[in-house]
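A look at the structure
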Amino acid sequence: MNEITAAVVQIGLVVLLLVLVHRPLGDYMARVFTSRRHLAVERAGYRVMRVDPDAEQRWSSYLLSLLGFGAASILVLYGLARTQHLLPLSLGVSPMDPAGAWNTAVSFVTNTNWQSYSGETEAGHLLQMAGLAVQNFVSAATGLAVAVALVRGFARSGTDGRVGNFWADLVRAVVRVLLPAAAVAALLLVALGVVQNLGGHVEVTSLAGGTTVMPGGPVASQEAIKELGTNGGGFFNANSAHPFENPTPLSNVVEIFLLLVIPFSLPRTFGRMVGDLRQGRAVAAAMAVLWVSAVGLLTWAELAAPGAVPTAAGAAMEGKEVRFGEAASALFAASTTGTSTGAVNAMHDSLTAPGGGVALVNMLLGEVAPGGVGAGLYGFLVLAVLTVFLAGLMVGRTPELLGKKIGRHEITLVALYILTMPALVLVGAGLAIALPAGQAGIQEGGPHGLSEVLYAFTSAANNNGSAFAGLTVATPFYDTALGLVMLLGRFVPIALVLALAGRLASQGTVPAGEGTLPTHRPIFVGLLVAVTVVVVGLTFIPVLALGPIAEALA
Amino acid sequence: MTTATPAVTAPRRGRPGAALPFVRQTLAGLRVLLVLTVVLGVLYPLAVTGVAQVLLPWQANGSLVAADGSYLEQADGPTPAIGSALLGQRFDGDEWFRSRPSAAGDGWDATASGGSNLGPESQDLLADVELRRAEVSRADGVAPGEVPADALTASASGLDPHISPAYARLQVARVAAARGLDESAVAGLVDSLVEGRDLGFLGEPRVNVLRLNLALQTMAP
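Described in the following lines is the structure provided in the data block. Just so it is clear, the model here is predicted, and its values are computed rather than measured.

1. Some details on the sheet that holds strand β2 (residues 71-72) of chain B
Residues and elements named next belong to chain B. Read across the sheet, three strands follow the order β2-β1-β3 without closing on themselves; strand pairing throughout is antiparallel. Each end of this open sheet is capped by a strand with a single partner; those strands are β2 and β3 (81-84). Of the pairings in the sheet, the one linking strand β1 (residues 64-66) to β3 comprises three bridges and is antiparallel in character. Bridging from a neighbouring strand, Val-65 pairs with Gly-83 of β3.

2. Overview of the pairing of strand β4 (residues 211-214) of chain A
Residues and elements named next belong to chain A. Relative to β4, strand β3 (residues 202-205) is paired through four bridges, and the arrangement is antiparallel. Residue pairing in the sheet places Glu-203 in a bridge with Val-213 of β4. What sits between the antiparallel neighbours β3 and β4 is a turn of five residues, in which Gly-209 has the positive phi angle 110°.

3. What about the interface of chain A and chain B?
In this complex, chain A contributes 108 residues to the contact, which on the side of chain B involves 103 residues. Each partner contributes to the roughly 8500 Å² buried at the junction of chain A and chain B, and carbon and sulfur atoms together form 67% of this total. Per-residue buried area on chain A facing chain B is highest for Arg-50, Leu-207 and Val-322 of chain A; these three make up 10% of the total on that side. On the surface where chain A and chain B come into contact, there are zero salt bridges. Where chain A packs against chain B, one counts 31 residue pairs in polar contact (both at pLDDT 80 or more). A breakdown of the residues in the side of chain A that touches chain B according to their chemical character gives 64 nonpolar, 30 polar and 14 charged.

4. What about helix α14 (residues 375-395) of chain A?
Residue and element names in this part refer to chain A. For α14, which comprises 21 residues, the first-to-last C-alpha distance of 30 Å matches the rise-based estimate of 30 Å (1.5 Å per residue) to within 8%. Along α14, 16 of the 21 residues are buried, which leaves the element largely enclosed by surrounding structure. One or two residues past the end of α14 sits Gly-396, with phi positive at roughly 75°.

5. A few points about the sheet that holds strand β6 (residues 206-208) of chain B
Residue and element names in this part refer to chain B. Read across the sheet, three strands follow the order β4-β6-β5 without closing on themselves; strand pairing throughout is antiparallel. Two strands bound the open sheet, and with one partner strand each, they are β4 (162-163) and β5 (194-195). As judged from the two bridges shared by β5 and β6, these two strands associate in the antiparallel manner. Bridge pairing in β6 links Val-194 to Val-207. Helix α8 (residues 209-219) rests against β4 and β6 of the sheet, and its axis sits at about 55° to β6.

Definitions and cut-offs
Each chain carries its own residue numbering, running from 1 in the written order of its sequence. Just so you know, chain letters begin at A and ligand numbers begin at 1, following the order they were written in. In keeping with the predicted nature of the model, local features appear solely for residues at pLDDT of at least 70, side-chain atom pairs appear and are counted solely at 80 or more, and the whole-chain, interface and lining totals rest on all residues. Only hydrogens and water are set aside when side-chain values are computed; all heavy atoms of the structure are taken into account. One bridge is not enough; two strands pair if DSSP finds at least two bridges between them. Going along the chain from the N terminus, every DSSP run of H or I of four or more residues is numbered as a helix, and every run of E of two or more is numbered as a strand. In what follows, residue pairs with any heavy atoms lying within 4.5 Å of each other are defined as contacts. We define buried area as the total accessible area lost by two parts upon association, computed with a 1.4 Å probe and summed across both. Just to be clear on terms, a salt bridge is a Lys or Arg side-chain nitrogen sitting within 4 Å of an Asp or Glu carboxyl oxygen. Any N or O atom pair separated by 3.5 Å or less is treated as a polar contact, with the protein-specific requirement of one donor-capable and one acceptor-capable atom, and with residues adjacent in sequence counted only for side-chain atom pairs. Side-chain classes follow a simple rule in which Ala, Val, Leu, Ile, Met, Phe, Trp, Tyr, Cys and Pro form the nonpolar group, Asp, Glu, Lys and Arg form the charged group, and the remainder, Gly included, forms the polar group. In a helix, the anticipated span is given by 1.5 Å times the number of residues less one. Only protein chains enter the area calculation, which uses a 1.4 Å probe; residues under 20% of their type maximum are buried, those over 50% are exposed, and those in between are partly exposed. Axis definition: a line fitted to C-alpha atoms, limited for helices to the stretch in contact. Angles are taken between N-to-C directions and run from 0 to 180 degrees.

Structure (structure tokens):
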């Protein structure tokens, strides 16, 4: 089988697995978040936590609970990072400095998993297990909760803005969805070679006579939720390129599947909860169009290998592993940047210029192709609201989506949501290249240096976490600035989405009339994709022209 | 759906800060986080570790191998491990098949995994590529144009255990000469250790350098 056929079949396998699994998983998640019954273990948990899982919350108190949980998480993680040298299983690591600990705490709480530290030497096992891996679960569960709350906004009518109970949504997402799936996935990964022990570094004498270190740790248990929860924070510095995190092409496909499976199943959950499966299919189709385009373009770019170094070497193999090669690296890169995961199995800084550009644009789309766990669905539903609004303007009718009128108040929230991420990216990157402290971190001058900075702020604002790692980011300036951008990039959109959910839930439902734009037909899918691309294009083309485009044309 | 009770149990009177809703929610968040940390941060990884250590001890402990090629379940047991079947090592000298270039620390440093992170137009990287090409071309006596890409570029992890079949075959003559072995025997050894794509279409064909050198060592110590 030649390289290109193998690449296509490899993509086909991932698609097939997603097609098979998204229905049962999507339906199951819809049942999880609509069931009125608590499991016995959940009820016991609620008693210890002293929260009432049956109280319906208005959107504002739902948000307050979410923010309270986020604040508690940041405090605890910051504390763990600052005191990790005192904890058991610390392997002799030093405590993180204040800026680094702040950056790491915010990074993992916001589902970004940007890492300004190196896993194998700067994070003890207990910080990894009880701090970072816990946030891998609960930050994903938080994303799921927000998505479900927005879907309830569409599904309900005439409440006074009640969108569910945050604590129940959080606990159910963990107990009934993420934990069982992660446990199975972790053991599967161990079977394929991912390590899982509590040991530290062991020195051995290598075959040729030197010494070499065998690192250890609870890697598989973290790897599973890192992908499944679209988190992306590697146990090791090399992330999913490290053979102990991702040992074979087969484990590579398992990890790609894990990071795509919940985002691609949630449209089904949405369709199920609003009582119209066609609506879910339309959203999934739009996500699929964007993801397949990104995979196709990135695979082409890496196999065609344009650029000075790939041409000289004969292939774009810098920063790639032999077992994956160009195709499996491109598939991973497109999936990880499309889902806000940010794990990498190849070094994105060394991708070809068009390949790195696709990865960047994938994040600039706002992480909706198919987006992070929960975040992808709510991001796409916001874009769907914008699309019916624009379509309504074109034909002069009151725009509505699923029987909800999109009025001044709703579209204001949507507009603020759309503007938040570009504002953070452009202001942040602008400041970084203007200030000496920001310029100091740039590894390469010229367009590639701008791409490095732009990629960093895009990754932070979209809670992705992948990096053009040539940029030196373990400095107080980048730690602090990127921490702020991650925090605002996560919680400002969430606040706006929950406000929108409350607004929708308090509306009545208008029956579809002749002037209603059907939102399940291919034409709407096309419109939705176009709006997504155009909004991003108009916002970012100037800076893209100065960075990756200039580099590709050089 | 219409009850308006707060979702957090009302605090006992007199607790500091209890009047502020955000503080109250943060305290609730701390309690929830504490319970979830016990389940997700302690019980879950320990349970996975326990099952993995019982059912899959070799994989769970790093796929360690001994000098005779046998599998080991611990690095510091009675038989010393010489490495992991999954991690690349440094091999200098003409008698060894070499690994790919590594940007991990000073090379193949498993405490500093990572790539060069140099971009596709980097002049530094271009210089590295030409340096490696000259070195391989000299050591293996092949034309500079014949050196495959994986021999000229650093891997993502710096611990890539594999090289391409082309790079392995290119090294056969040098290794056979250095060990006084028949070239066709070494070539046959390489061919027998070429791994195809997983399931026929996943990833790329490859040769594990440690396994190859171990087999070589067994053939001609």
